[in-house]
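What follows is each chain in one-letter form.
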Amino acid sequence: MLLGTYTPKLDDKVPADAIAYVGFANLQSQVGTVLKQLESTGQGDMVNQLKAGSAQLPALLGVSLDDLKALTTKEHAVVVTKGTPMPGAVLALEVEDGARAQKTLDTLREKVPVALAQFAPTTNLPPWKQVTLEGGVQGWDLPVSPTGGVTYGVDGNLALLGTSPGAVRAVQRPVQPLSQLAEFTDATADMPDKVTGLAWINAGEALRLAEASGAYANNPAALANARKVKSVVAWSTGGAEPTFEVFVRIAK
């Protein structure tokens, strides 16, 4: 799949102690490319079904396809943040028009429960609650469970959807951004200005999470080896000769 290139900037919104971060751009264009590839490989029926389903979305959700595309045309970041008892996750979407993004998300907040009631009438969702995010931004939170739910807010030209208000706040105003972490800047010093994707894993934090879940309970040798890895960074490039590079930092 041919991916568009971009210059990563949202690493400024990733907390330095985040467990993981994946950056990419222009998701709606990538989806369009996938549909074209499916058509070219004889999957036209599947494509027609997907298009028919998407044509019903405006009536079901109260927003147009252009409104949804406007959320996914620029840079995006998926961030896994530290949290207790569970980590958080945030999708950060750079948008051209923050007011339009706010209106789109507010409409989805009102319409999605109505649509869900039509298809799953036995599902009972708690009410949305307004929450104050960083910088006085007014967001909304749906507390689905004690460990998380759905939180969203729009901060300037950044639309944020996360699993908790705390996770969203951590991405809004990182105490120290990943872009200023020496380990990250050293690892990406030779990264091209334009990439098609960027990923970072804080191996120490990821390992602590895996240990807490019991993933290494019966494999002490694997645990000992995993502890040697400090971080992993990777990026991909486009063009006539796409590349994918991975760098692993090992503890001395």
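Higher on the page you've got the structure.
Everything numeric here is computed off the predicted structure, so don't read it as measured data.

Trainee: So what exactly am I meant to see when it comes to the overall build of the protein here?
Mentor: A count of helices and strands for the protein gives 9 helices and 10 strands. Out of the 252 residues belonging to the protein, those deemed buried represent 35%. Residue pairs at least 24 apart in sequence account for 61% of intrachain contacts in the protein once pairs closer than 6 positions are excluded. A total accessible area of about 14000 Å² is found for the protein, and carbon and sulfur atoms account for 56% of it.

Trainee: Help me understand unusual backbone geometry in this model?
Mentor: Across the chain, the bulk of peptide bonds are trans and the bulk of non-glycine residues have phi less than zero. Phi is positive for Asn26, which is not a glycine, with a value near 55°. Tracing the chain through its elements places Asn26 in the loop between strand E1 (20-25) and helix H1 (27-40). Assessed through its relative accessible area of 25%, Asn26 is described here as partly exposed.

Trainee: Even after reading the chapter, I still don't get the pairing of strand E10 (residues 243-250), so can you show me in this structure?
Mentor: Every other side chain in a regular strand lies on the same face of the sheet, so the side chains alternate between the two faces. One ladder, built from 8 bridges, connects strand E9 (residues 229-237) with E10; its direction is antiparallel. Residue pairing for E10: Val233 is matched across the bridge by Phe247. Where E9 folds back on E10, the antiparallel hairpin that results is connected by 5 residues, among which Gly239 adopts a positive phi of roughly 90°.

Trainee: Mind showing me how you'd approach the packing of aromatic side chains here?
Mentor: Working definition: an aromatic ring pair is given by the centre-to-centre distance plus the angle between the planes. Enumeration according to the criterion identifies 3 aromatic pairs in this entry. Taken together, a centroid distance of 5.7 Å and an interplanar angle of 75° make the contact between Trp128 and Tyr152 edge-to-face. Taken together, the residues span a long stretch of sequence, with Trp128 in the loop between helix H5 (98-119) and strand E4 (129-132) and Tyr152 in strand E6 (residues 148-155) at a distance of 24 residues. The aromatic ring of Trp140 is capped on one face by Arg109, whose charged end is 3.8 Å from the ring centroid.

Trainee: Which parts of the structure should I look at to understand a nonpolar patch on the surface?
Mentor: A cluster of nonpolar residues, Phe244, Val246, Val248 and Ile250, forms a patch on the protein surface that exposes about 400 Å² of accessible area. Judged by relative accessible area, Val248 falls into the partly exposed class, the value being 46%.

Trainee: Sorry if this is basic, but what is going on with the sheet that holds E1 here?
Mentor: Paired through backbone hydrogen bonds, the strands of a sheet run either parallel or antiparallel to each other. Taken in spatial order, the 10 strands line up as E4-E5-E6-E7-E3-E2-E1-E8-E9-E10 in an open sheet, and their pairing is antiparallel. Both outer strands of the open sheet, E4 and E10, are each paired with one neighbouring strand and no more. The average undirected angle you get between the axes of adjacent strands in this sheet is 15°. With 5 bridges connecting them, E6 and strand E7 (residues 158-162) associate as antiparallel partners. Bridged to Thr151 within E7 is Gly162.

Trainee: Any chance you could explain helix H6 (residues 165-172) here in plain terms?
Mentor: Every buried residue of H6 is listed here: Pro165, Ala167, Val168, Val171 and Gln172. One side of H6 holds all its buried residues, which, seen down the axis, span an arc of 165°. Tucked inside the fold, the buried residues of H6 contact strand E2 (75-81), strand E3 (88-94), E4, strand E5 (138-145), E6 and E7.

Trainee: Honestly, the pairing of strand E8 (residues 197-202) in this entry has me stumped. Any pointers?
Mentor: Sheet topology note: the E1/E8 ladder contains 4 bridges and is antiparallel. Bridging across to E8, Ala20 finds its partner in Ile201. Taken together, the 6 bridges between E8 and E9 define a ladder with antiparallel strand orientation. Bridge pairing links Leu198 to Trp235 in E9.

Reading the values: the criteria
- Residues take numbers from 1 onward in each chain, read along the sequence in its written order.
- Reporting of local features is limited, given that this is a predicted model, to residues whose pLDDT is at least 70; pairs of side-chain atoms are given and counted only at 80 or more, and all residues count toward the totals for whole chains, interfaces and linings.
- Excluded from the side-chain calculations are hydrogens and water; all other atoms, namely the structure's heavy atoms, are used.
- Starting at the N terminus, helices and strands are each numbered in turn, a helix being any DSSP run of H or I of at least four residues and a strand any DSSP run of E of at least two.
- Under the scheme applied here, a residue whose accessible area is under 20% of the maximum for its type counts as buried, over 50% as exposed, and between as partly exposed, the area being computed with a 1.4 Å probe on protein chains only.
- By definition in these notes, contact holds between two residues if any of their heavy atoms fall within 4.5 Å.
- Accessible surface is estimated by sampling points in the Shrake-Rupley manner with a 1.4 Å probe; for residues, cover comes only from the protein chains shown.
- Two strands form a pair only when DSSP identifies at least two bridges running between them.
- When two rings of Phe, Tyr or Trp (its six-membered ring) have centres within 6.5 Å they constitute a pair, described as stacked for plane angles under 30 degrees, edge-to-face for angles over 60, and tilted for the intermediate range.
- Put simply, a charge is over a ring when the Lys NZ or the Arg CZ is close to the ring centre, within 6 Å, and near the line of the ring normal, within 35 degrees.
- Only residues above 30% relative accessible area that lack a salt bridge enter a patch, with like-charged residues linked at up to 9 Å and the nonpolar side chains Val, Leu, Ile, Met, Phe, Trp and Tyr linked at up to 5 Å.
- What makes a salt bridge here is a side-chain nitrogen of Lys or Arg within 4 Å of a carboxyl oxygen of Asp or Glu, nothing more.
- Convention adopted: a line fitted to C-alpha atoms gives each axis, helices being fitted over their contacting stretch, and angles between N-to-C directions are expressed from 0 to 180 degrees.
- Throughout, the arc means the angular range of directions from the helix axis out to the C-beta atoms.

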